[in-house]
Amino acid sequence: MTDRSAIQFPDGFLWGAATASYQIEGAALEGGRGKSVWDTFSHTEGKVAKGHTGDVACDHYHRLDDDVAMMADLGLQSYRFSISWSRVMPDGRGAVNAVGLAFYQRLVDRLLEHGITPCPTLFHWDLPQGLEDIGGFRSRDTVSWFGDYAALMARELGDRVSMWSTFNEPWCYAYLGHASGRHAPGLTDPAAAVAVAHHELLAHGLALRAMRAERSGLQLGIVINPSNVRQEGTPTAPPEQVRLIDAIHNRWWFDATLRGEYPADLLASYGPLADAIQPGDLEVIAQPLDWLGINYYFDILVRGLTADDSADGWLEYPTVTGVTEAPTREVHTDMGWPITPEGFTALLVRLHTDYPNLPPIHITENGCAYDDPVVDGRCADPRRIEYLDLHLRALRDAMQQGVDVRGYYQWSLMDNFEWALGYDKRFGLVHVDFDTLERTPRDSAFWYRDVIAHNGIR
Ligand code: FCB
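Computed from a predicted structure; not experimentally measured. (Residues numbered from 1 in each chain as written. Predicted model: local features only at pLDDT ≥ 70, side-chain atom pairs only at ≥ 80, totals over all residues. Heavy atoms only, no water.)

Student: Talk me through the overall build of the protein; I want residue IDs and the actual numbers.
Tutor: Secondary structure summary: the protein contains 15 helices and 15 strands in total. Over its C-alpha atoms the protein spans a radius of gyration of 21 Å, differing by no more than 12% from the 23 Å that the globule rule assigns to 458 residues. In terms of overall dimensions, the protein has C-alpha extents of about 55 × 55 × 45 Å along its principal axes. By the burial criterion, 60% of the 458 residues in the protein qualify as buried. Long-range contacts, defined as pairs at least 24 residues apart, comprise 77% of the intrachain contacts of the protein with a sequence gap of at least 6. (Helix = DSSP H or I, 4+ residues; strand = E, 2+ residues; numbered from the N terminus. Rg over C-alpha atoms; globule rule 2.2 N^0.38 Å. Buried < 20%, exposed > 50% of the residue type's maximum accessible area, 1.4 Å probe, protein only. Contact = heavy atoms within 4.5 Å.)

Now the structure itself:
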């Protein structure tokens, strides 16, 4: 039984909610914005459920003022959003689009007027199509273009924004985008995926250098989505293969950024797949981090193969064999994800133990998809409140075990374009009617406002 007594967070703990550009902005090609890989992908038949695209999304581009006012009403102290690279640099390099920059300047100004701390991400998967056309993150050239873009943003917004992250969930962009092809740009090429996994980190390191050269005092981080990888059910997965999944999903990112090395077992397994790594790269990658963003949703549950399983392998984990996903649990969210708050605690404690130089952590995403309707102007979503309650308690447990966590962002402020799954997976504290674009805060939004007001759960 979970103990449901009151819990309190330390003074100064920062409470927020998160979104991402392509998922909410809409206004796809307005104001001089260039196309991104997600425009191309979502307009390719068969790639996104029901043919949904981000063309309109939540129309946040046109509703920025009201949306920020809504954040203030909900008591948010911080807002994590991402910048659409192709809105500010339509081709990803060269010409800068003043209209696009003005949009983010206005967003930041509105947030600050309401006392909400902005926390922008530079790359939440919407790579400018112009860069994809020259090889995207498979190419080392894109790494230096990212550095230029990061410097531009530090120059243009760094006077008002101190908290930045470079990449959001680089594992997803690399492997969902280039190994399984479930996300843009939709490739199924393991060597490309590994090159991207390396180049994203290199771009991150370069961006940190470029931003620090531009301005001092910025608080710079990166957002990773680690998960425990756990055996569940039968047959048992080979432990060394489970360890390899852990290396691809978790250790690659933390070992590189915090230790300046890639996991030896994974390099051995990848062999020539990892040819993009060049001498000196890891020094660039392992720049000091002011903070680290952790996105946590669920533990990865795995089992060994039965005679009925295809032996094709698990595309997102290229060299792993003999392992597949455990069957969906009876209780799960609309994503089919298990609910594993105990894993959240264990994961944070593990990071704290394994990486003595772990910087202060912000939980940059955590949340769940449930489709609860609006009835007479109210949207009751008890399952989301339950999920958040359990995960905040799990987080508090980790903090009590010594993990230095400074903030928490719920995913997501409002229902939005959930990538390849379109608009049917609803993660919002706020319900969005995608016909009228009307916003209706769910019960969970008011519950969360109360958590923020009391800096804990009463
Ligand atoms: C994360 C993504 C975010 C959202 C949530 C549900 O992987 O960073 O954009 O899609 O999952």
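Moving on from the coordinates now.
Student: Outline unusual backbone geometry, listing residues and values.
Tutor: Here the bond from alanine 184 into proline 185 is cis, since omega is 5 degrees, no more than 30 degrees from zero. On the secondary structure map, proline 185 appears in the loop between α8 (170–178) and α9 (190–214). Phi at tryptophan 125 takes a positive value of approximately 85 degrees, unusual for a residue other than glycine. Secondary-structure assignment places tryptophan 125 in the loop between β4 (117–123) and α6 (129–132). Accessibility expressed as a relative area gives 5% for tryptophan 125, which makes it buried. A positive phi angle, close to 50 degrees, is found at asparagine 455, a residue other than glycine.

Functional significance is not addressed by these values, which are geometric in nature.
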